[in-house]
Amino acid sequence: MNIISLKNDIKPFRLALPIAAVALASLGVACDDETSKIGASLTEGDISISIDTLSFNLDAKSIPNNDYDSRTGNLLLGNLDVPEYGKLNCSFVSRLMCATSLDEVPDSLRSPERVDSCKLILYMSRGDLTGDSLTPQKVSAYNLTQQLPSDITNSFDPAGYYDPSKKLGSKSFTASYIGRVDSLATSSPSLNSNNIPVNSTIAIDIDVDKELGIKIFQDYKERPEIFEWPSTFAQYYPGLFVEPSFGKGCVSNIQAIDLTVFYWYNKKVTTIEDKDTTITWEHAASYVTPLMSAPEVLSSNNITYEVSDYIKNLVNGGKSIITTPGGYNVSFKFPADDILEHYRKDSHNLSLISDLILSIPAETIDNDYGIGAPPTLMLIKTSELKDFFNLNKIPDNLTSFTADYDSTNKRYRFSSMRSYILDLLSKNSVTEEDIEFTVVPISLTTEKGSNNSNTSYITKCTPYTVKPTMVHLLTDEAEIIFTFSSQIID
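All chains use their own residue numbering, which begins from 1 and follows the written sequence. Local features in this predicted model are restricted to residues of pLDDT 70 or higher, and side-chain atom pairs are both shown and tallied only at a pLDDT of 80 or more, whereas totals for entire chains, interfaces and linings draw on every residue. Note that the side-chain values use all heavy atoms of the structure and ignore hydrogens as well as water.

### So, the confidence of the model for the protein
Part 1 of the reasoning: Each residue carries a pLDDT score, the predictor's own confidence in it, on a scale running from 0 to 100. Confidence along the protein averages 83 in pLDDT terms, with 82% of residues attaining 70 or more.
Part 2 of the reasoning: Only heavy atoms matter for contacts: two residues are in contact if any of them lie within 4.5 Å across the pair. In this model residues 1-43 is a low-confidence stretch, pLDDT under 50, and it forms 65 contacts with partners more than four residues away in sequence or in other chains.

Shown next as C-alpha cells:
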C-alpha cells in the first residue's frame with residue numbers, strides 16, 4: 001500500500017488556556033486552575049497541530065450484491081434495458097392496512113348491495129422515473145392468497161402467493177401528464193388520502209372487480225374485529241402483487257396505493273316552482289378509501305437486475321463499481337495501521353485527535369438514460385453488514401459512516417470517523433474485522449427535532465432502491481485527512 005504524506009504542520013506555539021482545557025477533557029483529567037501542578041506544566045510546553053493529507057490506494061474490489069433487503073416504501077415498477085447499465089425488471093408486493101373507518105359511511109348506506117365499483121390507485125411523483133415517460137406500459141394487479149414472509153428480500157418469487165388466473169385488474173398507461181404544463185403541477189396542490197399533492201402526482205387508476213368492495217363492506221358489517229388490528233387484518237387481506245405486463249424503457253417509483261370503493265345512495269332533491277314544492281330522489285354516488293399502503297405495513301420490491309457486459313468488463317478490469325438496485329457493492333481494507341503508525345511516530349506527552357475524513361473521488365458512467373451516481377453511500381464494517389438492515393440500525397459514526405455525493409467536486413467524503421480511530425487506539429491490536437469495510441448505497445429517513453429545532457435526526461436507513469444508479473469509485477486515488485494536536489513537555 002503506497003502512502004504519500006503531505007504534511008502541513010502549524011508551527012509550535014504556546015498552548016492557550018482554552019485549548020489546554022480541551023486537551024485535558026479528552027484525557028479525563030480534572031484540575032483546579034489555582035492549585036493543580038499539571039495545569040501549570042501544560043502552559044510550559046509547545047503544542048503543534050498536524051493537518052495531514054494521506055493518499056492511499058485502497059486496493060478495493062467490486063463484490064456482487066444480488067440478495068438484499070428490499071422492504072421499503074419506494075416501490076419500483078417497470079422494465080429497463082440500458083446498454084451501459086443492464087436489464088432491470090421491477091414488480092412489488094405489498095400488504096395494505098385499514099385506512100378509513102367505514103363508520104364514516106352512514107349505517108344505512110354501509111350495505112354490500114350499494115357497492116357500485118372499485119379502483120386500485122397507484123400514485124407516483126411527476127418525473128420520479130428512469131427512462132422515457134412516454135413509453136406505453138401496462139400494469140396488472142393480483143390479490144395475494146397468503147401472507148408474505150417476514151424475511152422477504154428482492155429475490156422473492158411471488159409464485160404460489162397469488163392466483164395468476166384471477167387477475168384483480170389491469171391498466172395501460174404512460175408515466176406522463178401529456179398536455180399539462182409544469183406550473184399546473186405545482187400551484188396550490190390539493191392532497192390525496194396519503195397526503196401526497198395531487199397535482200404533482202400521476203395516478204394510475206386500475207378498475208378492479210367490485211366483488212372486492214362487496215367483500216369489504218360485508219366483512220365490516222359481520223366481522224368488524226377483522227379491521228381492528230393490522231396483524232388480524234393481514235390474515236384476511238394478505239395484500240397485493242403488482243407487476244408490469246407490457247412495455248419496456250421506463251421504471252417508475254410508486255409512492256402510495258389506495259383501494260377506493262364507490263357506492264350509490266338516493267339523494268333528496270327539492271325544487272320550488274310557482275310556490276309548488278316538488279321532492280324527488282336521484283341516484284348519486286360517493287366513495288370511501290378503506291385500504292391503503294403505509295410505512296407501518298410490509299411492502300417489498302421484487303427486483304431482477306442483469307448487469308451489462310459493459311459493467312462486468314469494468315469490474316473484471318479492476319474498477320470499483322457500485323450499482324443500484326443491487327448489482328455491485330465495493331469492499332476494501334481500511335488503512336488503519338498506517339494511520340496509527342503515522343500518529344505514533346512522533347513522541348509526545350499529550351495529544352488530541354480532532355478529525356478523520358475519508359475522501360473517495362467518483363465518476364458517473366456515461367449513458368443516455370440519465371442514470372447517475374447514488375445520492376448517499378454508507379461505509380460499514382463488513383462483519384456488521386448482514387445484521388445492520390435486519391435489525392433496522394442507523395449509522396453510528398463508530399462502525400458505520402455516511403457520505404453524500406458531491407457532484408461539484410465529484411467525490412464522497414466520509415467524515416466523523418474520529419470515534420473509529422479512537423476506538424482502535426484503545427485496543428491492544430487491530431484485527432482484520434476492524435479494518436474490513438463495505439461501501440453500500442443507502443436511503444436515509446430523517447425527522448426534525450422538537451421545539452421547532454432545525455436539527456434533523458436519522459430515523460431509518462435502508463438499501464437504496466429508489467431508482468437505478470451506477471458510479472465508478474476511484475479508490476486508487478483515495479485521501480484521508482487526519483487532524484490531531486500534540487504537545488511535548490520538557
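### Concerning the nonpolar core
Part 1 of the reasoning: In this description, a nonpolar core means a group of buried Ala, Val, Leu, Ile, Met, Phe, Trp, Tyr and Cys residues linked to one another through side-chain atoms lying within 4.5 Å. For each residue, the accessible area found with a 1.4 Å probe, counting protein chains only, is set against the maximum for its type, and the residue is called buried under 20%, exposed over 50%, and partly exposed in between. Membership of the largest hydrophobic core comes to 40 residues, with the highest contact counts inside it found for Leu 120 and Leu 122.
Part 2 of the reasoning: Leaving out residues up to four positions away in the same chain, Leu 122 has contacts with Leu 77, Val 139, Ile 202, Ala 203, Ile 204, Ile 206, Val 242, Ile 254, Ala 256 and Ile 257.
Part 3 of the reasoning: Membership of the second largest hydrophobic core comes to 38 residues, among which are Ala 60, Ala 362, Leu 424 and Phe 482.

### Description of the packing of helix α7 (residues 336-344) against helix α9 (residues 418-425)
Part 1 of the reasoning: Every axis in this analysis is a line fitted to C-alpha atoms, fitted for helices over the stretch in contact. Angles between the N-to-C directions lie between 0 and 180 degrees. In DSSP terms, a helix is any run of H or I states spanning at least four residues, a strand is any run of E spanning at least two, and both are numbered starting from the N terminus. Closest axis-to-axis distance for the α7/α9 pair is 11 Å, and the angle between their directions is 75°. The angle between the axes of α7 and α9 places the two elements in the roughly perpendicular class. Contacts between α7 and α9 involve Ala 336, Ile 339, Leu 340, Tyr 343 and Arg 344 on the former and, on the latter, Tyr 420, Ile 421, Leu 424 and Leu 425.
Part 2 of the reasoning: Each residue is assigned to one of three groups, with Ala, Val, Leu, Ile, Met, Phe, Trp, Tyr, Cys and Pro labelled nonpolar, Asp, Glu, Lys and Arg labelled charged, and all others, Gly among them, labelled polar. A per-class count over the contact of α7 with α9 returns eight nonpolar, no polar and one charged. Our angle categories are set so that under 35 degrees counts as roughly parallel, over 145 as roughly antiparallel, 65 to 115 as roughly perpendicular, and the remainder as oblique.

### Structural notes on a negative patch on the surface
Part 1 of the reasoning: Candidates for patches are residues over 30% relative accessible area with no salt bridge; among them, like charges are joined within 9 Å and nonpolar side chains (Val, Leu, Ile, Met, Phe, Trp, Tyr) within 5 Å. Using a 1.4 Å probe, the Shrake-Rupley method yields the accessible areas, and only the shown protein chains count as cover for residues. A side-chain nitrogen of Lys or Arg and a carboxyl oxygen of Asp or Glu constitute a salt bridge if their distance falls within 4 Å. Charged-residue counts in this description rest on Lys and Arg as positive and Asp and Glu as negative, His and the chain ends being excluded. In plain terms, the charge of a residue is placed at NZ if it is Lys, CZ if Arg, CG if Asp and CD if Glu. The grouping of Glu 363, Asp 476, Glu 477 and Glu 479 at the surface amounts to a negative patch.
Part 2 of the reasoning: Residue position: Asp 476 is located in the loop between β24 (469-473) and β25 (478-488).

### Thoughts on the pairing of strand β13 (residues 250-273)
Part 1 of the reasoning: Pairing between two strands is assigned when DSSP locates at least 2 bridges connecting them. Summarising the sheet, strand β5 (residues 75-82) and β13 pair through five bridges and their orientation is antiparallel. When the sheet's bridge partners are listed, Asn 79 is paired in β13 with Cys 250.
Part 2 of the reasoning: Bridge count for strand β8 (residues 115-131) against β13 is twelve bridges, and the pairing is antiparallel. Bridging across to β13, Thr 130 finds its partner in Val 251.

### A look at the pattern of salt bridges
Part 1 of the reasoning: Across all of its chains, the model carries eleven salt bridges by this definition.
Part 2 of the reasoning: One salt bridge connects Asp 207 with Lys 119, and the closest N-O pair in it is separated by 2.5 Å. Of this pair, Asp 207 sits in strand β11 (residues 201-208) while Lys 119 sits in strand β8; the two residues are 88 residues apart in sequence, bridging distant segments of the chain.
Part 3 of the reasoning: A single salt-bridge network, built from bridges that share partners, covers Lys 119, Lys 171, Asp 205 and Asp 207.

### What to know about the packing of aromatic side chains
Part 1 of the reasoning: Stacked, tilted and edge-to-face are the three classes assigned to paired rings of Phe, Tyr and Trp, where Trp is represented by its six-membered ring and a pair needs centres within 6.5 Å; plane angles under 30 degrees give stacked, over 60 edge-to-face, the rest tilted. For the coordinates displayed, the defined rule picks out 18 aromatic pairs.
Part 2 of the reasoning: Seen from their ring centres, Tyr 220 and Phe 227 are 5.1 Å apart, and the 70° between their planes marks the pair as edge-to-face.
Part 3 of the reasoning: Relative accessible area serves as the criterion here: at 11%, Tyr 220 is assigned to the buried category.
Part 4 of the reasoning: Residue class for Phe 227 comes out buried when judged on its relative accessible area of 11%.
Part 5 of the reasoning: A connected cluster of aromatic rings, assembled from ring pairs, spans Tyr 220, Phe 227, Phe 233 and Tyr 237.
Part 6 of the reasoning: Here the guanidinium or amino end of Arg 114 rests over the ring plane of Trp 264, the centre of that ring lying 4.5 Å away. Only when the NZ atom of a Lys or the CZ atom of an Arg is both within 6 Å of the ring centre and within 35 degrees of the ring normal do we say a charge sits over the ring.

### Structural notes on the pairing of β5
Part 1 of the reasoning: Of all eight residues in β5, seven are buried, a share of seventy percent or more.
Part 2 of the reasoning: As paired strands, β5 and strand β6 (residues 86-94) are joined by five bridges and run antiparallel to one another. By the bridge assignment, Gly 78 is partnered in β6 with Cys 90.

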